[in-house]
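Read off the chains here:
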Amino acid sequence: MDTISENRCFGGTQGVYRHVSDATGTEMTFGLFVPAEGASGPVPVLWFLSGLTCTHENAMVKAGAQNWAAEQGIALVFPDTSPRGPGVPDDAAYDLGQGAGFYVNATQDPWAEHFQMWDYVTDELPRKLFDRFALDEERQGITGHSMGGHGALTIAMSFPDRFASVSAFAPICNPMESDWGRKQFTAYLGENTALWEPHDATVLMREKGFPGPVLIDTGTVDQFGDLLGTEALAEAMVARRQNGTIRMQPGYDHSYFFVSTFMEDHVSFHAEALYGVDA
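These lines cover the structure that appears in this document, whether it is placed above or below.

Conventions we followed
Within any chain, residue numbers begin from 1 and follow the written order of that chain's sequence. Where local features are concerned, this predicted model is filtered to residues with pLDDT of at least 70; where side-chain atom pairs are given and counted, the filter is 80 or more; whole-chain, interface and lining totals use all residues. For side-chain calculations, the full set of non-hydrogen atoms in the structure is used, while hydrogens and water are omitted. Lines fitted to C-alpha atoms define the axes here, with helix axes fitted over just the stretch in contact, and angles between the N-to-C directions of these axes take values from 0 to 180 degrees. Each helix is a run of DSSP H or I of at least 4 residues and each strand a run of E of at least 2, with the numbering of both proceeding from the N terminus. Angles are sorted into four bins: roughly parallel if under 35 degrees, roughly antiparallel if over 145, roughly perpendicular if 65 to 115, and oblique for all others. Should the near helix be turned counterclockwise from the far one by less than a right angle, the crossing is left-handed, whereas a clockwise turn marks it as right-handed. The contact criterion used is simple: two residues touch if any of their non-hydrogen atoms lie within 4.5 Å. Under this grouping Gly is polar, as are all residues other than the nonpolar Ala, Val, Leu, Ile, Met, Phe, Trp, Tyr, Cys and Pro and the charged Asp, Glu, Lys and Arg. Stacked, tilted and edge-to-face are the three classes assigned to paired rings of Phe, Tyr and Trp, where Trp is represented by its six-membered ring and a pair needs centres within 6.5 Å; plane angles under 30 degrees give stacked, over 60 edge-to-face, the rest tilted. When accessible area is computed with a 1.4 Å probe and restricted to protein chains, residues below 20% of their type maximum are described as buried, those above 50% as exposed, and intermediate ones as partly exposed. Criterion for a charge above a ring: Lys NZ or Arg CZ within 6 Å of the ring centre, and within 35 degrees of the ring normal.

1. Quick word on the packing of helix 2 (residues 65-72) against helix 9 (residues 256-274)
For the pair helix 2 and helix 9, interaxial distance at closest approach is 9 Å and the crossing angle is 30°. The pairing of helix 2 with helix 9 is recorded here as roughly parallel in orientation. Every pair of crossing elements has a handedness; the one defined by helix 2 and helix 9 is right-handed. Along its contact with helix 2, which presents Ala65, Trp68, Ala69 and Gln72, the element helix 9 presents Met263, Glu264, Val267, Ser268 and Ala271. The residue inventory of the contact of helix 2 with helix 9, partitioned by class, reads six nonpolar, two polar and one charged.

The structure is reproduced here in structure tokens:
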């Protein structure tokens, strides 16, 4: 693993690292903030999965999360959203290909060789992180924005013993019924919709739910609101009697101005769950 940069940040360290990935067959870059407490021993971890067109850098720079994570003594992980580089397939559209991995393992050509983002985020990157850094594997939460909110919800419900809490900012909640989902799932997974269901948060909520708390914020003037399926997830949560909150924030859109406004709430939400986990 190569260190690209390490900067002092709110008493801790904001690093950027690169490594060769077996899952994607490419080099992958991620950001990691470790608070000052990391110098004394393992600290809880909050994963932040980013959205369409983003790299590891967007949330790391724009979300304002480090300040609140430092106050709570929590590490932040910022993975990339897709494989990149020469030989990695792409598409002219912004919502498919590089920057749009959708946190699935592609099975269809030309995507299958490199677009194994589910395995990368849920298996390979965690193993590398916990081997190298002072992070507490038993205390993990996950959040994300837009496509990353979709990833956070589906991963949390698929690994309920791993994550104490899940939150999301304007997540894609019902991709099987959205143009932000049908297009990508067809390209990456094929036309068998049964293979799509493990990657739809509304379907998973109906079938499994999540044992911990859930927090979702979405803006009332989100310019992509028709693509998110927030209402479908809300109905599934009510039917499931899920422990969770969906907040519609008046006047907010889909941008990082929205994300940064409510980031303190989300970090505090996860801190309460993470520090409530038995050591």
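2. Side note on unusual backbone geometry
Aspartate 109 connects to proline 110 through a cis peptide bond whose omega is 0°. Residue position: proline 110 is located in the loop between strand 5 (75-78) and helix 3 (117-132). Within the chain, alanine 170 stands out as a residue other than glycine whose phi angle is a positive 45°. Here alanine 170 lies in the loop between strand 7 (163-169) and helix 5 (179-189).

3. Here we look at the packing of aromatic side chains
For any pair of aromatic rings, the description rests on two quantities: the centre-to-centre distance and the angle between the ring planes. Counted according to the given criterion, the structure contains 15 aromatic pairs. A centroid spacing of 5.5 Å and a plane angle of 85° characterise the contact between tryptophan 111 and tyrosine 188, whose relative ring orientation is edge-to-face. In this pair, tryptophan 111 sits in the loop between strand 5 and helix 3 while tyrosine 188 sits in helix 5, placing the two residues 77 residues apart along the sequence. Side by side, tryptophan 111 and tyrosine 188 carry an identical accessibility label, which is buried. One aromatic cluster in this structure is built from Phe48, Phe78, Phe169, Tyr252, Phe258 and Phe262. Taking NZ or CZ as reference, arginine 162 lies 4.3 Å from the ring centre of phenylalanine 159, over its face.

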